[in-house]
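A closer look at the structure
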Amino acid sequence: MSKQPDTTSVKDLELYTKTRSTLITGTLLPDKRKVDIWYDETGTIREIGPDISHAHKGDADIIIDGSGTLAIPGLYNTHTHAAMTLLRGYADDMHLQQWLSEKIWPLEAHLTGDHVYWGTKLACLEMIRSGTVAMNDMYFFMKDTARAVEEAGIRAVLCHGIITFGDEAKLEQEMKATEDLVRHIRSQNNPLIRPAIGPHAPYTVPPQHLEVCAEYSRNEDIILHTHLAETKQEVDDCQKTNGMSPAALLDKTGCLSSRTVAAHGCWLTEDDCRLLGERGAHIAHNPVSNMKLATGRAMPYHHLSEKKVNVSLGTDGCSSNNNLDMFEEMKTAAICQKFFWNSDTLLPAGEVLSMATSSGARALGYSAGEIKPGLSADICLLSLNHPSMVPLHNPVSNVAYSALGCTVQTVICNGKILMYEGYIPQEQEIITGASSSATDLLDRAARQ
Ligand SMILES: C[C@H]1O[C@@H](n2cnc3c(O)ncnc32)[C@H](O)[C@@H]1O
Ligand SMILES: [Zn+2]
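Within each chain, residues carry numbers counting from 1 in the order of the written sequence. Each chain gets a letter, beginning with A, and each ligand a number, beginning with 1, in the order they are written. Totals for whole chains, interfaces and linings use all residues, but because this is a predicted model, local features are given only for residues with pLDDT of at least 70 and pairs of side-chain atoms are given and counted only at 80 or more. In computing side-chain properties, one takes all heavy atoms of the structure into account and sets aside hydrogens as well as water.

**Thoughts on the sheet that holds strand 9 (residues 193–199)**
Here a strand pair is declared whenever DSSP counts at least two bridges between the two strands. What counts as a helix is a DSSP run of H or I of at least four residues, what counts as a strand is a run of E of at least two, and both are numbered from the N terminus. Pairing within the open sheet is parallel, and its eight strands lie in the order 6-7-8-9-10-11-12-13. For this open sheet the edge positions go to strand 6 (75–80) and strand 13 (310–313), each flanked by a neighbour on one side alone. Adjacent strand axes in the sheet meet at a mean angle of 25°, parallel and antiparallel pairs treated alike. As paired elements, strand 7 (residues 132–139) and strand 8 (residues 155–162) share six bridges and run parallel to each other. Counterpart to Ala134 in the pairing with strand 8 is Arg155. Its contacts with the sheet put helix 5 (residues 168–188) on strand 8 and strand 9, and the angle it makes with strand 8 is roughly 160°. Axis geometry follows a simple rule: fit a line to the C-alpha atoms, using only the stretch in contact for helices, then measure angles between N-to-C directions, giving values from 0 to 180 degrees. Working rule for contacts: check all heavy atoms of both residues, and any pair within 4.5 Å makes them a contact.

Structure representation (structure tokens):
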């Protein structure tokens, strides 16, 4: 492509393969300022301001006409099981334990790396379409996940889901899978993809195995991703077996630190919240999944924010959500807190937008999540011409309460364009591939 900035050449496929110095002109920020945004070929935002385009037109390889758009930071999905897109609609309207043990785990026993690759390709497509640029993913065959993520161009923290039920041989096998993944991701040298360790939950990984995971996270300086206090049954069982809450158990086994990202936290007590705050641990809130699986209580945001716990947002997998739309998640989070805790001021629009952006980037340790000079260009342009964005009394309110993923027009991650005006390369191939992969998974399960 020529150095000459040309908005029409943006359709060129080459555009989607590498980061280029880019000028976005005349977009609106959530505070209603109309600005130009310039980022360089390393994907770092250099300057934001009204009318900087004259100064930087010559520096930019690409110019994106941002008029009629609202620029928000790319969204961070901090708890998901991406390849579960293949299980969308497979098992609905069930309680968590029954859902996992009777439907999900028996089907997952037939998964192959190929299923995970296609399921993750579909997840990345769905996420990019709805403005998500980063995910914290726990699943199986994670090298195949890494390949799909690399092709999609988003950020990801990836861990193998460790489930041992106390079996020593299984722990050895799961730790090998984790070590193999860590080695593999590091060898790929992709700064957007990072490894983590993923003890599934205190009810699937006993204390002595949690200790092994904690030590590994400490030694390798990687995130420890887990599920925590999702149901009352989990908390009651943990009290009975271990004489303490699941959060206290994580702490006792060394699993609670600033590297910890714990999903759910619905049944955390005020004392648990204090403990999480003291340890600097992060909570990934998944309100749609919690409401669908009837976990019975909403994450206590008021206690967590009082104890200065960083709370981010996630969708969980597509079998309990059943989509990956972080706009839907933002709205559900904000209204679920108000409804459950009977407080009309709890979790206002601005806070839920931060949860889905800067708090997510903080939990996953990326220097992004805001549109600011010096940070990575993770930018989402929403159409202001979409009915859900009209009128524009309050852009932040529209983003949190009325917009959905379909409002997203253009998505940029670390400066690379992933979707431009609704176009994502190879979308149809991904849909076809994932669809046949889902059929193959169910066929294999039916044959046995
Ligand atoms: C990685 C494993 O985690 C399973 N899973 C998916 N959603 C949930 C949830 O809400 N709670 C607990 N475990 C979950 C997934 O199916 C994998 O087996
Ligand atoms: Zn989960």
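So that's the structure; there's more coming.
**Details of the environment of Asn385**
Take Asn385: it is sitting in the loop between strand 14 (379–383) and helix 15 (395–402). Relative accessibility decides the category of a residue: with a 1.4 Å probe and only protein chains considered, values under 20% of the type maximum give buried, values over 50% give exposed, and everything between is partly exposed. The exposed category is assigned to Asn385, whose relative accessible area is 71%. Each C-alpha atom, one on Asn385 and one on Thr260, is 40 Å from the other, the two residues being 125 residues apart in sequence.

**Section: the coordination of the zinc ion (ligand 2)**
In this analysis a donor is any N, O or S atom within 2.8 Å of a metal ion (3.2 Å for sodium, potassium and calcium), and since water is not included, sites may seem incomplete. Each protein donor to the zinc ion (ligand 2) is listed here as His79 (NE2), His81 (NE2), His227 (NE2) and Asp316 (OD); together their distances run 2.1 to 2.3 Å. For a four-donor site, all angles between 85 and 135 degrees give tetrahedral; for four or six donors, opposite pairs above 155 degrees with the remaining angles between 65 and 115 give square planar or octahedral; all remaining cases count as irregular. Classification of the site at the zinc ion (ligand 2) rests on its four donor atoms, whose angles at the metal span 87 to 169°, yielding the label irregular. Sequence spacing among the residues donating to the zinc ion (ligand 2) works out to H-x1-H-x145-H-x88-D. Taken as a pair, His79 in strand 6 and Asp316 in the loop between strand 13 and helix 12 (326–340) lie far apart in primary sequence, 237 residues in all. Comparing His79 with Asp316, the two get one shared label, buried.

Shape descriptors only; they carry no functional weight alone.
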